[in-house]
Amino acid sequence: MRVGILGLGSYIPEKIVTNYDFEKFLDTSDEWIRTRTGIIERRFADETQATSDLATIAAKRALEDANLRPEDIDLIIVGTNSPDTLYPATACLVQDKIGASGKCGAFDLQAGCTGWVYAAVTGLQFIKTGAYKHVLVIGAEVITRLMDPTDKGTYVLFGDGAGAAVLGEVEEGGIIDFELYADGSISEHLVYPAGGSRKPFSEEVLKERGYYTKMNGNEVFKFSVREISRISKKLLDKTNTRLEDIDWFIPHQANVRIIQAGAEKLGIPMEKVVVTIDKFGNSSAATVPVSLDIIYKEGKLKKGDLVLMVSFGAGMTSGAMLMRW
Ligand SMILES: CC(C)(COP(=O)(O)OP(=O)(O)OC[C@H]1O[C@@H](n2cnc3c(N)ncnc32)[C@H](O)[C@@H]1OP(=O)(O)O)[C@@H](O)C(=O)NCCC(=O)NCCS
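The shown structure was predicted, so the numbers you read here are calculated from the model rather than taken from an experiment. (Residues numbered from 1 in each chain as written. Predicted model: local features only at pLDDT ≥ 70, side-chain atom pairs only at ≥ 80, totals over all residues. Heavy atoms only, no water.)

**Some remarks on the pattern of salt bridges**
Any two side chains of opposite charge can pair, on the condition that their charged atoms come close. Quick note on the threshold: We define a salt bridge as a side-chain nitrogen of Lys or Arg found within 4 Å of a carboxyl oxygen belonging to Asp or Glu. A 1.4 Å probe rolled over the protein chains alone gives each residue an accessible area, and that area as a share of the maximum for its type sets the label: buried under 20%, exposed over 50%, partly exposed in between.
Across all of its chains, the model carries 18 salt bridges by this definition. Measuring nitrogen to oxygen at the nearest pair gives 2.9 Å for the salt bridge that ties Lys-199 to Glu-208. Glu-208 gets classed as partly exposed once you look at its relative accessible area, which sits at 39%. By sharing partners, the salt bridges in this structure join Asp-177, Glu-179, Lys-234 and Lys-238 into a single network.

**Considering the sheet that holds strand β11 (residues 248–251)**
Inclusion rule: Paired strands are those between which DSSP finds at least two bridges. Going along the chain from the N terminus, every DSSP run of H or I of four or more residues is numbered as a helix, and every run of E of two or more is numbered as a strand. In this analysis, axes come from line fits to C-alpha atoms, helices being fitted only over the stretch in contact, and the angle between any two N-to-C directions falls in the range 0 to 180 degrees. Here, residues are in contact when the closest pair of their heavy atoms is within 4.5 Å.
Spatially, 4 strands are ordered β8-β13-β12-β11 in an open sheet, and the strand pairing comes out mixed. Across the chains shown, the open sheet's two edge strands, defined by having one partner strand only, are β8 (174–182) and β11. Going across the sheet, the axis of each strand differs from the next one's by a mean of 10°, ignoring polarity. Across 4 bridges, β11 lies against strand β12 (residues 306–313) in parallel orientation. Its bridge partner lying in β12, Phe-249 is registered against Leu-308. Along the sheet, helix α5 (residues 115–128) contacts β8, β12 and β13 (317–324); its crossing angle with β8, the most-contacted strand, is approximately 125°.

**What about the site of the ligand?**
Rule in force here: Here a residue is near a molecule or strand as soon as one of its heavy atoms is found within 4 Å of it. Polar contact criterion, stated in full: a pair of N or O atoms within 3.5 Å, where within protein one must be able to donate a hydrogen and the other to accept it, and residues adjacent in sequence count only if both atoms are side-chain atoms. Per-residue and other accessible areas were derived by the Shrake-Rupley procedure at a 1.4 Å probe size, with only the shown protein chains allowed to occlude residues. Polarity classes work like this: nonpolar for Ala, Val, Leu, Ile, Met, Phe, Trp, Tyr, Cys and Pro, charged for Asp, Glu, Lys and Arg, and polar for all others, with Gly in that last group. By convention here, the domain bounds are inherited from an automatic or database domain assignment.
In the vicinity of the ligand there are 23 residues, among which Thr-28, Arg-36, Lys-152, Gly-217 and Asn-255 approach most closely. Taking Thr-28, its side chain carries an N or O atom lying 2.6 Å from a nitrogen atom of the ligand. Measuring from an oxygen atom of the ligand, one finds a side-chain N or O atom of Arg-257 at 3.3 Å. Across the complex, the protein chains shield 71% of the 950 Å² of accessible surface that the ligand would expose by itself. Counting residues per element, the ones that place at least two in the shell around the ligand are α2 (30–37), α6 (152–155), α8 (217–238), α9 (256–266) and β12. Examining the composition of the shell around the ligand, we find that 4 residues originate from one element, α8, more than from any other. Broken down by class, the residue content of the shell around the ligand amounts to 10 nonpolar, 9 polar and 4 charged. Both of domain 1 (3–172) and domain 2 (176–324) provide at least three residues apiece to the shell around the ligand.

**Observations concerning the domain arrangement of the chain**
The line we're drawing: Two parts lose some accessible area (1.4 Å probe) when they are put together, and adding that loss for both gives the buried area.
What the domain assignment reports for the chain is domain 1 (3–172) and domain 2 (176–324). Taking only C-alpha atoms into account, the centre of domain 1 sits 14 Å from that of domain 2. Counting residues at the interface gives 51 residues for domain 1 and 44 residues for domain 2. Of the roughly 3,700 Å² buried between domain 1 and domain 2 on both sides combined, carbon and sulfur atoms contribute 63%. One can count 2 salt bridges joining domain 1 with domain 2. Residue Glu-172 is joined to Lys-303 by a salt bridge in which the shortest nitrogen-to-oxygen separation is 2.4 Å. Joining domain 1 to domain 2, the criterion identifies 23 residue pairs in polar contact (both at pLDDT 80 or more). Within the residue set of the side of domain 1 that touches domain 2, elements represented by two or more residues are β1 (3–11), α2, β3 (41–44), α5, β6 (135–141), α6 and β7 (161–169). Sort the elements by how many residues they give to the side of domain 1 that touches domain 2 and α5 lands first, with 8 residues. Partitioning the side of domain 1 that touches domain 2 into residue classes produces 23 nonpolar, 18 polar and 10 charged.

**Some thoughts on the pairing of β7**
With 8 of its 9 residues buried, β7 lies for the most part within the structure. When β1 meets β7, the two strands line up antiparallel, connected through 8 bridges. By the bridge assignment, Leu-8 is partnered in β7 with Ala-165. Bridge count between β6 and β7: 7 bridges; the pairing is antiparallel. Across the sheet, Val-137 pairs through a bridge with Ala-165, a residue of β7.

Next up, the structure:
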């Protein structure tokens, strides 16, 4: 059975935050951010919006694109690191907001920025086994709220957004294969320290600003460049795919230097690489489905195109998926 994407949708909040906006309260500059990260601007969710709100808009667009109704969905998986609340799952809130309450299963999947790739691979299994027909897989984040506005090393990097895909049986093409990977021994490099069972919120957490993300940027950088090429190569070898046959390479958008170094190590020319970080920053689990939706809506993605998607993030995790459109 071939399983692929029946419909795609995304949503990026309207509020644009430029590098110049950060110059007003951080010891940073447009020049530094632009040259060290490739980011020119990013989007921040409106104060009234949480992750489920962004995810819902993307999900509705994906359903419309697939020409399906909410009740046609058998399972909703939301890959996110910034759920509305620790529980209930954001996927349950999305289920209600799209009008599918009580009609299907719904859960969140936390795999750092690799969340959507993990979610898509998980959804794929339910369809391949014949258990379900349609699975809605979403990558959605209001991750900027988990970043410290006084930390120039993280605050300038992130943006908010959501991307969604409806997976189901397709006649041609579809997801060819995947690779998932994690190395928990280096998880300390990217952590949201408080609010869980290890360190519940307290006065001490407030003092330490433990309610904000801590990142060891250099270590994450090295892991990311290594993983982009390692996991992609593994997937290409496994599927006997030649590099030159790839039409689109969609890497996670964390830093344009990571993207360039990863593509170079792999030997993929930049013309085939989808770059959206300049406009949207790093929207964590949303970057891959948003980037895919952008080339789809712009009409660049053609039937039969071979697409390699690869992501990496907290965990540390990484994942790659090869798909024929
Ligand atoms: C965070 C990151 C952009 C830093 O870039 P870098 O070129 O490696 O910079 P360094 O960490 O070596 O720091 C160099 C200097 O820039 C400074 N700096 C960091 N952020 C800055 C900013 N926004 N503006 C100005 N200066 C900044 C540092 O304080 C440091 O100053 P020092 O040398 O005086 O101590 C880069 O490491 C990165 O992108 N890492 C991966 C992040 C990531 O992918 N996260 C998400 C994973 S899903």
